[in-house]
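Below, each chain spelled out in residue letters.
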Amino acid sequence: MKRRSWLVLLAFVLSTVAATFAATASSKPAARSAGQIEVLSLWGGAEKDAFLKVTAAFTNKTGIKVQYTTARDFVPAIRTRLAAGNPPEVAIIPRPASFLTLRSRAR
């Protein structure tokens, strides 16, 4: 009986995760390339330069190109991209509270 309880719990968790992904997925996802990812952040100056060195090393090791996009007004930029169904593969969120704002407005 204990094993069955775990299986029911696991099924519930998996269905919840699947429902969450289905609810947040865009109906028209943007075309993506397997050989490139986009990183969106508000970094500029020395932070951006240091990050670009890291992405160059990543590209050399994996062959995956990294397109770095700067958005000084990060929250409006990511909100617009999410609404348009064109999110970046990676977003470096500047403050944890920014994520809460994005989640509450996306609903």
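Further up the page is the structure itself.
Residues numbered from 1 in each chain as written. Predicted model: local features only at pLDDT ≥ 70, side-chain atom pairs only at ≥ 80, totals over all residues. Heavy atoms only, no water.

Considerations on the sheet that holds strand β1 (residues 36-41)
In spatial order, the strands read β2-β1-β3; together these 3 strands make up an open sheet with parallel pairing. In this open sheet, the two strands that pair with only one neighbour each are β2 (65-70) and β3 (90-91). In the sheet, β1 pairs with β3 via 2 bridges, with the strands oriented parallel. Bridge pairing links L40 to A91 in β3. Contacts between helix α2 (residues 45-62) and the sheet are confined to β1 and β2, with β2 contributing the most and set at about 160° to the helix. Docked against the sheet, helix α3 (residues 74-83) engages β1 and β3, running at close to 140° with respect to β1. (Pairing = 2+ DSSP bridges. Helix = DSSP H or I, 4+ residues; strand = E, 2+ residues; numbered from the N terminus. Contact = heavy atoms within 4.5 Å. Axes fitted to C-alpha atoms, helices over the stretch in contact; angles between N-to-C directions.)

Comments concerning the side chain of E38
By secondary structure assignment, the location of E38 is in strand β1. A polar contact of 2.7 Å, which involves the side chain of E38, links it to the side chain of R81. (Polar contact = N/O pair within 3.5 Å; in protein donor to acceptor, adjacent residues only side chain to side chain.)

Some remarks on the packing of aromatic side chains
Here the distance between the centres and the angle between the planes together describe a pair of aromatic rings. Per the counting criterion, the structure on display carries 2 aromatic pairs. Summarising the aromatic geometry, the rings of W43 and F51 are spaced 5.2 Å apart at their centres and angled 65° between planes, so their arrangement reads as edge-to-face. A relative accessible area of 24% means that W43 is categorised as partly exposed. With 5.6 Å between their ring centres and 55° between their planes, F51 and Y68 make a pair best called tilted. Residue F51 is found in helix α2, and its partner Y68 is found in strand β2; the two are separated by 17 residues along the sequence. Accessibility assignment for this pair places F51 and Y68 in one class, buried. Grouped by ring-pair contacts, the aromatic residues W43, F51 and Y68 constitute a single cluster. (Phe/Tyr/Trp six-rings, centres within 6.5 Å; stacked < 30°, edge-to-face > 60°. Buried < 20%, exposed > 50% of the residue type's maximum accessible area, 1.4 Å probe, protein only.)

Some details on α3
For α3, the complete set of buried residues consists of F74, V75, I78 and R81. Projection of α3 onto a plane perpendicular to its axis shows the buried side chains occupying an angular sector of 135°, all on one side. Exposed residues on α3 whose side chains face more than 90 degrees from its buried face are T80 and A83. With its phi angle positive at about 75°, G85 sits one or two positions after the end of α3. (Arc of directions from axis to C-beta.)

Structural notes on the pairing of β1
Pairing of β1 with β2 involves 6 bridges; the strand directions are parallel. In the sheet register, E38 faces β2, and the bridge partner there is Q67. Read as a crossover between parallel neighbours, the route from β1 over α2 to β2 is right-handed. (Right-handed = clockwise from strand over helix to strand, strands pointing away.)

Topic: α2
Between its terminal C-alpha atoms α2 stretches 26 Å, which fits the 26 Å expected from 18 residues at 1.5 Å a residue. At the exit of α2 stands G63, carrying a positive phi of roughly 85°. (Expected span 1.5 Å × (residues − 1).)

Structural notes on the nonpolar core
A general feature of soluble globular proteins is that nonpolar side chains tend to end up buried together. Counting residues in hydrophobic clusters, the biggest one holds 5 residues: L40, A71, F74, V75 and I78. Here this core gets 3 residues from one element, more than from any other, and that element is α3. Beyond its immediate chain neighbours, meaning those up to four positions away, A71 contacts L40, S41, L42 and A77. (Core = buried A, V, L, I, M, F, W, Y, C linked by side-chain atoms within 4.5 Å.)

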